[in-house]
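Residue-level structure breakdown
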Amino acid sequence: MTVSTLDIRPLRGCGALIEGLDPNRASDREVDAVREAVFHRGVVFFRETALTPEQQIAFARRLAPIVVNRYFPKTERHPEIAKVEKAEAQTSNIGGGWHTDHSYDAAPAMGSVLLAVETPPTGGDTLFADMYAAYDALSDGLKATLETLQAHHASAHVFGTEGVYGKTDRPELAGHADTPEAIHPMVIRHPGSGRRALYVNPAFTTGIVGWSREESFALLGWLYQHAVKPQFVHRFSWRPGSMAIWDNRCTWHNAMNDYQGHRRLMHRITLDGVALG
Ligand code: SIN
């Protein structure tokens, strides 16, 4: 797809690479095209941007209103930007494990704008999985069953007082009192593209409404291994200045933690969303 000088190249598995766009000089039409590409491809990547924090915020605001993440540390001067950081001596990273952001909110975040500030010499890639494709590949029978189901999503087991981060060397990410829960359909109709997507994820989905724990885990476990088959996944390698904009309603992501002894710093802005149906 080409919009004026904007080159949007679909990538194998998930997402698209956008070339020929300086986010600082994007026209309204180009911003609309980026948003459309995010809605339809799930995630778009830019190489070699040189955005200051102010410029990243300004570009994100043109895509959607910004919502401040409750749990992540903020950059010193810009509360809109969360620091996704792993220091040389730390062993746990942020976002390691398949998830989609904020599914525990009644109106989950639309997406995120992640800018690489400092990257390790090797490793530190992020995997993205396409939940449109994962849904499309299901049988008609399972699709029809899933469309009748809703799932619980929660945040306390990750960020609350007993949250998993509290058992790692990132205890500052746990211990929070504000831990929302929500119920969403297991298959959503994406509000931007109109396409159906699988909407459960391994990190925040805690069960299927009306099903026992064992029954829930059996079906969810099957869906989780299905959704990350290689044909639905793209692995993105970052360099300083690389930027990804993803849509949380139709993708999952998973930050690789394979660069022990090196620092990785990303600036993340979260984009506000709407209730899902
Ligand atoms: C996140 O889960 O938001 C972080 C992803 C990454 O650092 O690659």
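Above this note sits the structure.
Please read these numbers as outputs of a predicted model, since none were measured by experiment.

Examining the site of the ligand
Surveying the vicinity of the ligand reveals the residues Val84, Gly95, His99, Leu114, Thr126, Trp246, His253, Ala255, Arg264 and Arg268. Separating an oxygen atom of the ligand from a side-chain N or O atom of Arg268 is a distance of 2.8 Å. In isolation the ligand exposes 260 Å². Once the protein is present, 99% of that is buried. Every element with two or more residues in the shell around the ligand is listed here: β16 (251–255) and β17 (264–271). Each residue belonging to the shell around the ligand can be placed in one class, and the counts come to 4 nonpolar, 4 polar and 2 charged.

Some words on the packing of aromatic side chains
Going through the model one piece at a time under the given rule, you end up with 14 aromatic pairs. Seen from their ring centres, Phe72 and Phe159 are 6.4 Å apart, and the 65 degrees between their planes marks the pair as edge-to-face. On the criterion of sequence distance, the pair formed by Phe72 in the loop between β5 (66–67) and β6 (82–86) and Phe159 in helix α5 (residues 156–159) is long-range, its members being 87 residues apart. The interplanar angle of 70 degrees and the centroid separation of 5.8 Å between the aromatic rings of Tyr224 and Trp252 together place this pair among those described as edge-to-face. Highlighted residues: Tyr224 in helix α6 (residues 213–227) and Trp252 in strand β16, separated in sequence by 28 residues. The two residues Tyr224 and Trp252 agree in class, both being buried. Taken together, the aromatic side chains of Tyr71, Phe72, Tyr104, Phe159, Tyr165 and Phe204 make up a single cluster linked through ring pairs. The ring of Tyr259 has Lys86 lying over it, and the distance from NZ or CZ to the ring centre is 4.4 Å. The aromatic ring of Tyr135 is capped on one face by Lys143, whose charged end is 5.3 Å from the ring centroid.

Some words on the sheet that holds strand β13 (residues 205–208)
Taken together, the 3 strands give an open sheet; going across it, the order is β10-β9-β13, and neighbouring strands pair in antiparallel fashion. Every interior strand has two partners, whereas the edge strands, β10 (181–185) and β13, have only one. Ignoring strand direction, the axes of neighbouring strands in this sheet form an average angle of 25 degrees. When strand β9 (residues 150–154) meets β13, the two strands line up antiparallel, connected through 3 bridges. Directly across from His152, in β13, lies its bridge partner Gly207.

Considering the pattern of salt bridges
Taken as a whole and judged by the stated rule, the model has 20 salt bridges. A salt bridge links Arg62 to Asp28; the shortest N-O distance between them is 2.8 Å. Note that Arg62 is positioned in helix α2 (residues 53–63) and Asp28 in helix α1 (residues 28–41), a separation of 34 residues in sequence. On the basis of relative accessibility, which here comes to 58%, the residue Asp28 falls in the exposed class. It is possible to trace a salt-bridge network through shared partners that takes in Asp7, Arg9 and Glu19.

Conventions and cut-offs
- Residues numbered from 1 in each chain as written.
- Predicted model: local features only at pLDDT ≥ 70, side-chain atom pairs only at ≥ 80, totals over all residues.
- Heavy atoms only, no water.
- Near = heavy atom within 4 Å.
- Polar contact = N/O pair within 3.5 Å; in protein donor to acceptor, adjacent residues only side chain to side chain.
- Areas by Shrake-Rupley, 256 points an atom, 1.4 Å probe, with all protein chains shown as cover.
- Helix = DSSP H or I, 4+ residues; strand = E, 2+ residues; numbered from the N terminus.
- Nonpolar A, V, L, I, M, F, W, Y, C, P; charged D, E, K, R; others polar.
- Phe/Tyr/Trp six-rings, centres within 6.5 Å; stacked < 30°, edge-to-face > 60°.
- Buried < 20%, exposed > 50% of the residue type's maximum accessible area, 1.4 Å probe, protein only.
- Lys NZ or Arg CZ within 6 Å of the ring centre and 35° of its normal.
- Pairing = 2+ DSSP bridges.
- Axes fitted to C-alpha atoms, helices over the stretch in contact; angles between N-to-C directions.
- Salt bridge = Lys/Arg side-chain N within 4 Å of Asp/Glu carboxyl O.

Any functional reading would require information beyond the geometric quantities listed.
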